[in-house]
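# A closer look at the structure
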Amino acid sequence: MILLDGAATAKSIKLEIASEVEALKKSGQKVPHLAAVLVGDDGASMTYVGSKVKSCEEVGFVSTLITRPSNTTEEELLQIVDQLNRDPEIDGYIIQLPLPKHINEHKILLAIDPEKDVDGFHPVNVGKMMLNLPCFLPATPAGIIELLRRYQVPTEGKHAVVIGRSHIVGLPVSVLLQRNAYPGNCTVTIAHSRTSDLKSLCKSADIVIAALGKPEFVTGEMIKEGAVVVDVGITRVVDASKKSGFRIAGDVNFAEVAEKCSFITPVPGGVGPMTIVSLLMNTLSAVKNHR
Ligand code: NAD
């Protein structure tokens, strides 16, 4: 079994990005500037945004964090989006999701300039991804693909089962895995909450991408010998033995599944760090595109 070490891979990609930033600086060019907008005080969102900002600093980007209280109106957020769209200093920005219930996420998403949409969630970028045109790919699926590439995991002709059909993970990763490219050329099955006999389906898979958000859902008996397993899940599970009072659990029962796998991602330290570097890579390409 080979561990798909997202933390180590992300570290080396960050060094590559940092040297590109250094080269930009040396040639007198502007360094990438990523902005993040956080509305409200959701603990997990604050942690995610915090690590994105920290990663920007690590690679030499400029970062701006815009925080607003949870009673911010939709109109006020649209104004922030408009300012970010028009600000030539900002190369790319993200609106951290979820937003408070009274704000229509779709309305905000549609207002983002697709050329600054480094999360790759705007329909223009989603459409371009479907057509295999240059675009910002959503960070988590792009991070998974990059991890498979860096470990030279064989994908051509393989049967990939993606568990979960969300717009940010399951659906886009299934699109990327079926592309005529490497990593890609898989035959993809998308499973979801209404799929029957998921166990047999998974058992027939050469590659399983678990993105359903149910701790340790994928067990050893669901996986065939030699399969590749990518665990996207991040769930906080109550754990009194931890100082924080919780631990982070993936969607895969690692102890049972790892011994059957050819490759597997750990949680934490697998897909999570790769998601952040994908965002950095998108921001770097935003700078190049704007030129
Ligand atoms: P979501 O809730 O939007 O989607 C979950 C999907 O799983 C749905 O399509 C649903 O149909 C499917 N599903 C639910 N129960 C199922 C079942 N019993 N059998 C089969 N399918 C089932 O979640 P999401 O935003 O796609 O996130 C999924 C998980 O990945 C979460 O734990 C989330 O925290 C995590 N996540 C991690 C990263 C990362 O960087 N590692 C990024 C995004 C999301």
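Note that the structure is predicted; figures quoted are calculated from it, not measured.

## Thoughts on the site of the ligand
If you check the shell around the ligand, you find 22 residues, and the closest are Arg165, Ser166, Lys214, Ile234 and Thr275. Arg165 has a polar backbone atom sitting 2.9 Å from an oxygen atom of the ligand. Measuring from a nitrogen atom of the ligand, one finds a side-chain N or O atom of Lys214 at 3.0 Å. By residue number, the principal contributor to the shell around the ligand is helix α10 (residues 271-290), which donates three residues.

## Focus: unusual backbone geometry
Along the chain, Tyr182 connects to Pro183 via a cis peptide bond; the corresponding omega equals -10 degrees. With respect to the element layout, Pro183 can be found in the loop between α7 (170-178) and β6 (187-191). Of note, the amide linkage connecting Val267 to Pro268 takes the cis form, showing an omega dihedral of 0 degrees. By the secondary structure assignment, Pro268 is in the loop between β11 (263-264) and α10. For Asp197, which is not glycine, the phi dihedral falls at a positive 50 degrees. Take Asp197: it is sitting in the loop between β6 and α8 (198-203). Residue Asp197 is classed as partly exposed on the basis of its relative accessible area of 49%.

## Brief notes about the domain arrangement of the protein
The domain architecture assigned to the protein consists of domain 1 (28-113) and domain 2 (139-272). Computed from C-alpha atoms alone, the centre-to-centre distance between domain 1 and domain 2 is 28 Å.

## Remarks on the sheet that holds β6
The strand order across the open sheet built from six strands is β1-β11-β8-β7-β5-β6, with neighbouring strands paired in parallel fashion. A single partner strand is all that each edge strand has here, and the edge strands are β1 (2-3) and β6. As judged from the two bridges shared by strand β8 (residues 228-231) and β11, these two strands associate in the parallel manner. By the bridge assignment, Val228 is partnered in β11 with Phe263.

## Topic: the environment of Pro215
Tracing the backbone through its elements, the reader meets Pro215 in the loop between β7 (207-210) and β8. We classify Pro215 as partly exposed; its relative accessible area is 39%. Setting aside its immediate chain neighbours within four residues, Pro215 contacts Thr235, Val237, Ala249, Gly250 and Asp251.

## Here we look at the nonpolar core
Ranked by internal contacts, the top residues of the largest apolar core, which has 46 residues, are Leu177 and Ile209. For this core, the leading source of residues is α10, giving seven residues. Each of domain 1 (28-113) and domain 2 (139-272) gives at least three residues to this core. Here Leu177 is in contact with Ile145, Leu148, Ala160, Val162, Gly184, Asn185, Cys186, Val188 and Ile209, once residues within four sequence places are set aside.

## A look at the pairing of strand β3 (residues 62-68)
Summarising the sheet, strand β2 (residues 33-39) and β3 pair through seven bridges and their orientation is parallel. By the bridge assignment for β3, Leu34 is matched with Ser63. Remark: the β2/helix α2 (residues 43-59)/β3 crossover connection has right-handed handedness.

## Digging into the sheet that holds β3
Paired through their backbone hydrogen bonds, the strands of a sheet run either parallel or antiparallel. Judged by pairing direction, the sheet is parallel, and its three strands sit side by side in the order β3-β2-β4 without closing on themselves. Looking at which strands have only one partner, the edges of the open sheet turn out to be β3 and β4 (92-95). Taken pair by pair, the neighbouring strands of this sheet meet at an average axis angle of 15 degrees, ignoring direction. Bridge analysis of β2 against β4 gives four bridges, and the strand direction is parallel. Each residue of the ladder has a partner; that of Leu34, found in β4, is Gly92. Where helix α3 (residues 74-86) meets the sheet, its contacts fall on β2, β3 and β4, and the angle it forms with β2 comes to roughly 180 degrees.

## Here's the deal with helix α1 (residues 6-26)
If you check α1, its first and last C-alpha atoms are 30 Å apart, about what 21 residues at 1.5 Å a residue would give, namely 30 Å. Its buried side turned inward, α1 meets α2, α6 (139-150) and α10. The N-terminus of α1 is capped by Asp5, whose side-chain oxygen sits 3.2 Å from the backbone nitrogen of Ala7. Once α1 finishes, Gly28 follows within two positions and takes phi at roughly 75 degrees, a positive value.

## What about the state of the cysteines?
Counting across every chain of the model gives zero disulfides. Between Cys135, a free cysteine, and Cys186, which holds the nearest cysteine sulfur, the sulfur-to-sulfur gap is 19 Å. Cysteine Cys261 shares no disulfide, and the gap to the nearest cysteine sulfur, in Cys202, comes to 12 Å. A relative accessible area of 6% means that Cys261 is categorised as buried.

Cut-offs used in this document
Residues numbered from 1 in each chain as written. Predicted model: local features only at pLDDT ≥ 70, side-chain atom pairs only at ≥ 80, totals over all residues. Heavy atoms only, no water. Near = heavy atom within 4 Å. Polar contact = N/O pair within 3.5 Å; in protein donor to acceptor, adjacent residues only side chain to side chain. Helix = DSSP H or I, 4+ residues; strand = E, 2+ residues; numbered from the N terminus. Buried < 20%, exposed > 50% of the residue type's maximum accessible area, 1.4 Å probe, protein only. Domains from an automatic or database assignment. Pairing = 2+ DSSP bridges. Contact = heavy atoms within 4.5 Å. Core = buried A, V, L, I, M, F, W, Y, C linked by side-chain atoms within 4.5 Å. Right-handed = clockwise from strand over helix to strand, strands pointing away. Axes fitted to C-alpha atoms, helices over the stretch in contact; angles between N-to-C directions. Expected span 1.5 Å × (residues − 1). Disulfide = S-S within 2.5 Å.

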